[in-house]
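Single-letter residue listing:
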Amino acid sequence: MLKSCHCCGLIHEIAALQSNQQAQCTRCHSVIDQSKNFKRSQGRTAAAAVAAMVLMPAAILLPILEIEQLGHHHSSSILGGIVDLFQTGSVLVATVILLFSIVLPLLKILALIELSWLCSMQQRHRAWTYRWMEQIGKWSMMDVMLLALLVMTIKLSGVVQFHFGPALIAFVLCVSMSMIAAICFNPHAIWESP
Ligand SMILES: [Zn+2]
């Protein structure tokens, strides 16, 4: 079987190995991935992506900010904030936030679940999904949303009394889980699994 080293790209011909044996690259000495490792990385990706999927509704629907101003109590979720923006006429800003912080991250998580766990599509379609996911991944910016929240925190402090709602924890966990899922995913697995 021909295998390329994931680190330096050198091609090796590898004979069938025993379960306790490892193939090592002759040039850079990294361990060359065997199909067993694909399963492990698939499992990790699936677990992290499913966790992100489960956390997503809590992250966008629960109140993320609770503001006290002049005796008024106001709490807002991410989705509620976007709806407010739509209603006050900031359609462009609302659309941009909706697309980049909810729709694209959600599509990316769904794509990772399909590629690592469901595997319901043909290999050809899965490869296409992976390329497409790489492209939208550049534009899915939940982590930027997190930064925006931080900046808002600094700006708001001193002006109004506020504290973070339960959605913040769900949001941070959701962002971390989708990052972990993307990092653990090994694209070679698309061609290794049936
Ligand atoms: Zn190598």
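Not measured: the values here are computed from a predicted model.

A. Layout of the overall build of the chain. In terms of helices and strands, the chain carries 7 helices and 5 strands. Of the regular secondary structure in the chain, the N- to C-terminal order runs β-β-α-β-β-α-α-α-α-β-α-α. Here the chain has a C-alpha radius of gyration of 22 Å; the compact-globule value for 194 residues is 16 Å, and the former is much larger. Counting only C-alpha atoms and orienting by the principal axes, one finds that the chain spans roughly 75 × 30 × 25 Å.

B. Summary view of the sheet that holds strand E4 (residues 72–76). A sheet is described by the order of its strands in space; here 3 strands give the open sequence E4-E3-E5, paired in antiparallel fashion. One side of each edge strand has no neighbouring strand; the edge strands of this open sheet are E4 and strand E5 (161–164). Here the strands of the sheet are splayed against their neighbours by 15° on average, with no regard to which way each runs. As paired strands, strand E3 (residues 65–69) and E4 are joined by 5 bridges and run antiparallel to one another. Bridge pairing in E4 places Glu-66 opposite Ser-75.

C. Quick peek at the packing of helix H3 (residues 91–118) against helix H6 (residues 167–184). Between H3 and H6, the shortest axis-to-axis distance is 10 Å and the interhelical angle comes to 45°. With respect to H6, the axis of H3 lies oblique. For the pair H3 and H6, the crossing hand works out as left-handed. For the pair H3 and H6, the contacting residues are Pro-105, Lys-108, Ile-109 and Leu-112 in the first and Ser-178, Ala-181 and Ala-182 in the second. Here the contact of H3 with H6 is built from residues that sort into 5 nonpolar, 1 polar and 1 charged.

D. Layout of the nonpolar core. Judged by nonpolar contacts, the single largest core of 29 residues is most densely connected at Ala-52, Ala-59, Leu-112, Cys-174 and Ala-181. Broken down by secondary-structure element, the contributors of at least two residues to this core are helix H1 (35–61), helix H2 (78–87), H3, H6 and helix H7 (189–192).

E. Structural context of the pairing of E4. Within E4, only 0 of the 5 residues are buried, leaving the element largely exposed. Here E3 folds back onto E4, and the loop between the two strands holds 2 residues, one of which, Leu-70, carries a positive phi near 50°.

F. Quick peek at the domain arrangement of the chain. In terms of domains, the chain is made up of domain 1 (1–32) and domain 2 (40–192). Placing a centre on the C-alpha atoms of domain 1 and another on those of domain 2 gives a separation of 37 Å.

G. Molecular detail of the environment of Glu-68. Topologically, Glu-68 is positioned in strand E3. Residue classification places Glu-68 among the partly exposed positions, given that 13 C-beta atoms sit within 10 Å. Excluding residues that lie within four positions of it along the chain, Glu-68 makes contacts with His-73, Val-160, Gln-161 and Phe-162.

H. Representation of H3 in the model. Of all the bends found along H3, the most pronounced is centred on Leu-99 and spans about 35°. All buried positions along H3 are accounted for by Ile-97, Ser-101, Pro-105, Lys-108, Ile-109, Ala-111, Leu-112, Leu-115 and Ser-116. At the exit of H3 stands Cys-119, carrying a positive phi of roughly 45°.

I. How the structure looks around the packing of H3 against helix H4 (residues 123–137). Their axes nearest at 10 Å, the elements H3 and H4 cross at an angle of 150°. Classed by the angle they form, the pair H3 and H4 counts as roughly antiparallel. With respect to the hand of their crossing, H3 and H4 are arranged in left-handed fashion. In contact with Leu-104, Leu-107, Lys-108, Ala-111, Glu-114 and Leu-115 of H3, H4 contributes Arg-126, Thr-129, Tyr-130, Met-133, Ile-136 and Gly-137. In the contact of H3 with H4, the residues fall into 7 nonpolar, 2 polar and 3 charged.

The rules behind the values
Residues numbered from 1 in each chain as written. Predicted model: local features only at pLDDT ≥ 70, side-chain atom pairs only at ≥ 80, totals over all residues. Helix = DSSP H or I, 4+ residues; strand = E, 2+ residues; numbered from the N terminus. Rg over C-alpha atoms; globule rule 2.2 N^0.38 Å. Pairing = 2+ DSSP bridges. Axes fitted to C-alpha atoms, helices over the stretch in contact; angles between N-to-C directions. Parallel < 35°, antiparallel > 145°, perpendicular 65-115°, else oblique. Left-handed = near helix turned anticlockwise from the far one by under 90°. Contact = placed C-beta atoms within 7 Å. Nonpolar A, V, L, I, M, F, W, Y, C, P; charged D, E, K, R; others polar. Core = buried A, V, L, I, M, F, W, Y, C linked by C-beta atoms within 7 Å. Buried ≥ 20, exposed ≤ 12 C-beta atoms within 10 Å, placed from the backbone. Domains from an automatic or database assignment. Bend = angle between axes of the 7 residues up to and from the residue.

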